[in-house]
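Examining the three-dimensional arrangement
Spelled out, the chains give:
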Amino acid sequence: MKVKICGLSTAEQVKTSINHGANFCGFILNYPKSHRFIDFEKAKKLTNIKKKKTKYVGVLVEPKDDELEKFSKLNIDYFQIYGEYTRDDIKNIKGKFNKKIIMALQIKSEEDVLKYKIYENEADILFDSSGLEKSLSWNFDWIKAVPIPKMIAGNIQIQDLEKINKMTDIVVDVSGAVETERKKDLTKIKEFLLKVKEINENRTI
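Computed from a predicted structure; not experimentally measured.

Let's shift gears to unusual backbone geometry. Its identity is not glycine, yet Asn-98 carries a phi of approximately 55°, on the positive side. Classification of Asn-98 as exposed rests on a relative accessible area of 68%. Phi at Glu-181 is positive, roughly 50°, even though this residue is not glycine. When you line up the elements, Glu-181 lands in the loop between β9 (179-180) and β10 (183-184). Relative accessible area serves as the criterion here: at 75%, Glu-181 is assigned to the exposed category.

Pasting the structure below:
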């Protein structure tokens, strides 16, 4: 099990995530409706923090070409994209801006899960709720049979990790569960990452 801590907005949050083993750090770049949104100058500073083995992800909602151009200058490894895009759109974005892509699918029904087949050879797939800035739950059992590595998000709490651990090739994308009063809580970030480490260690025994 791997972990992405998303919606980071301070250097302390980023460093805490990296130092406690987060595989990915996510930054909300073009969606000011979210309380986790950061402007370009802050994103530039945060993504210049030495990331060790952690990957940096720029989260974008229906980005325009000029936004993709602008954010491609940041020291990020991935664009995580929400919106209606064709397979060719994603292929072109990946090639033009030299970024790996996480295609975020908003899951409202079990049928929505099958959209992964459109993008599976061009992008990593994130199965998320339809909430965007709202942390909404959905039925993770819908993706049990998906035969590819996958990322999941949607109001994931620390007590959900044992159940999620039964899936293979999984990345847990968490945000709200490591916040207190809509701000990232360093203690909760540490606890979440330590729990994942414990689960992974037990899994290999």
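Here we take up the pairing of strand β3 (residues 55-61). Of all the seven residues making up β3, six are buried; the element is thus mostly covered by neighbouring parts of the structure. Across five bridges, strand β2 (residues 24-28) lies against β3 in parallel orientation. Paired with Phe-27 across the two strands is Gly-58, which belongs to β3. Handedness of the β2-helix α2 (residues 40-47)-β3 crossover: right-handed. Sheet analysis places β3 next to strand β4 (residues 78-82), joined by five bridges and oriented parallel. Within β4, the residue paired with Gly-58 across the bridge is Phe-79. Viewed along the sheet, the connection from β3 through helix α3 (residues 65-71) into β4 turns out right-handed.

The next point concerns the packing of aromatic side chains. Under the defined criterion, the tally for this structure stands at seven aromatic pairs. Ring centres of Phe-24 and Tyr-78 lie 5.8 Å apart, and the angle between their planes is 70°; this geometry places the pair in the edge-to-face category. Residue Phe-24 is found in strand β2, and its partner Tyr-78 is found in strand β4; the two are separated by 54 residues along the sequence. Between Phe-79 and Phe-97, the aromatic rings sit 6.3 Å apart at their centres with planes inclined by 65°, giving edge-to-face as the arrangement. On the criterion of sequence distance, the pair formed by Phe-79 in strand β4 and Phe-97 in helix α4 (residues 87-97) is long-range, its members being 18 residues apart. We classify Phe-79 as buried; its relative accessible area is 0%. The rings of Trp-138, Phe-140 and Trp-142 are connected pair by pair, giving a single aromatic cluster.

Within the secondary structure, Glu-179 is located in strand β9. In this structure Glu-179 comes out as buried when scored by relative accessible area, which is 9%. Among the polar contacts made by the side chain of Glu-179, one reaches the side chain of His-35 at a distance of 3.2 Å. Reaching out from Glu-179, the side chain makes a polar contact with the side chain of Lys-184 at a distance of 2.6 Å. Each residue touching Glu-179, except ones within four places of it in the same chain, is listed here: His-35, Arg-36, Lys-184, Asp-185 and Lys-188.

Right, let's get into α2. Buried within α2 we find Phe-40, Ala-43, Leu-46 and Thr-47. End-on, the buried residues of α2 take up no more than an arc of 125°, which puts them together on one face. Contact partners of the buried residues in α2: α1 (11-19), β2, β3 and α3. One side-chain oxygen at the N-terminal end of α2 lies 3.3 Å from the backbone nitrogen of Glu-41; it belongs to Asp-39.

The rules behind the values
- Residues numbered from 1 in each chain as written.
- Predicted model: local features only at pLDDT ≥ 70, side-chain atom pairs only at ≥ 80, totals over all residues.
- Heavy atoms only, no water.
- Buried < 20%, exposed > 50% of the residue type's maximum accessible area, 1.4 Å probe, protein only.
- Helix = DSSP H or I, 4+ residues; strand = E, 2+ residues; numbered from the N terminus.
- Pairing = 2+ DSSP bridges.
- Right-handed = clockwise from strand over helix to strand, strands pointing away.
- Phe/Tyr/Trp six-rings, centres within 6.5 Å; stacked < 30°, edge-to-face > 60°.
- Polar contact = N/O pair within 3.5 Å; in protein donor to acceptor, adjacent residues only side chain to side chain.
- Contact = heavy atoms within 4.5 Å.
- Arc of directions from axis to C-beta.

These values are about where atoms sit, not about what they do.
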